[in-house]
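Each chain is listed here by its residues.
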Amino acid sequence: QVQLVESGGGLVQAGGSLRLSCAASGRTFSGYLLGWFRQAPEKEREFVAEIRWSGGSTRYGDSVKGRFTVSRDNAKNTVYLQLDSLKPEDTAVYYCAAASPYAARYNYWGQGTQVTVSS
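## Brief notes about the pattern of salt bridges
A complete count under the given rule lists 5 salt bridges for this structure. With its nearest N and O atoms 2.9 Å apart, the salt bridge here joins Arg 38 to Asp 90. Taken together, the residues Arg 38 in strand E4 (residues 33-39) and Asp 90 in the loop between strand E8 (78-83) and strand E9 (92-99) connect sequence positions 52 residues apart. Judged by its relative accessible area of 0%, Asp 90 is buried. A salt bridge links Arg 67 to Asp 90; the shortest N-O distance between them is 2.7 Å. Here Arg 67 is found in the loop between strand E6 (58-60) and strand E7 (68-73), whereas its partner Asp 90 is found in the loop between E8 and E9, with 23 residues between them in sequence. Across the pair, Asp 90 and Arg 67 agree in class, each one buried.

## Looking at the nonpolar core
In terms of nonpolar packing, the biggest core is built from 30 residues, with Trp 36, Leu 81 and Tyr 94 touching the most fellow members. Aside from chain neighbours lying at most four places away, what touches Tyr 94 is Glu 6, Leu 20, Trp 36, Phe 37, Arg 38, Val 48, Phe 68, Leu 81, Leu 83, Gly 112, Thr 113 and Val 115. In this structure, Leu 33, Ala 97, Ala 99 and Tyr 106 belong to the second largest nonpolar core, which totals 6 residues.

## Details of the sheet that holds strand E3 (residues 18-25)
Strand order in this open sheet of 4 strands is E1-E3-E8-E7, and the pairing throughout is antiparallel. The sheet is open, and its two borders are formed by strand E1 (3-7) and E7, each paired with just one other strand. Ignoring which end each strand starts from, the neighbouring axes of this sheet average 15° apart.

## Some words on the environment of Val 79
Within the secondary structure, Val 79 is located in strand E8. Val 79 sits in the buried class, given a relative accessible area of 1%. Linking Val 79 and Gly 35, residues 44 residues apart in sequence, is a C-alpha distance of 8.5 Å. Look past the residues within four positions of Val 79 in its chain and what remains in contact with it is Leu 20, Ser 21, Cys 22, Leu 34, Trp 36, Ile 51, Trp 53, Val 70, Ser 71 and Arg 72.

Parameters and conventions
- Residues numbered from 1 in each chain as written.
- Predicted model: local features only at pLDDT ≥ 70, side-chain atom pairs only at ≥ 80, totals over all residues.
- Heavy atoms only, no water.
- Salt bridge = Lys/Arg side-chain N within 4 Å of Asp/Glu carboxyl O.
- Helix = DSSP H or I, 4+ residues; strand = E, 2+ residues; numbered from the N terminus.
- Buried < 20%, exposed > 50% of the residue type's maximum accessible area, 1.4 Å probe, protein only.
- Core = buried A, V, L, I, M, F, W, Y, C linked by side-chain atoms within 4.5 Å.
- Contact = heavy atoms within 4.5 Å.
- Pairing = 2+ DSSP bridges.
- Axes fitted to C-alpha atoms, helices over the stretch in contact; angles between N-to-C directions.

In structure tokens, the structure reads:
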């Protein structure tokens, strides 16, 4: 059973930085896609970034390009999301997710970690 546990959220001032971590367990993740999503109150869930476990190719949502960086540490089975130049509109619960090979969509989700950016 795949488990994803996020950490690293918190309260930060606008312009500041945070690093989120997602510890993945339950199997080897070769061929998986690991992603980050966020959801603010009364808004739909938004794609933030993703990284392919094998090869490390990445993709970002338009609202975070140039400010956020996704990376992974294969040895630690951990995916990171570096959040820089944070804005109040980045405030949301951030979720880690995993898509198994050939899955049509993300099929494993973490519980989320809160990021709050004050102005």
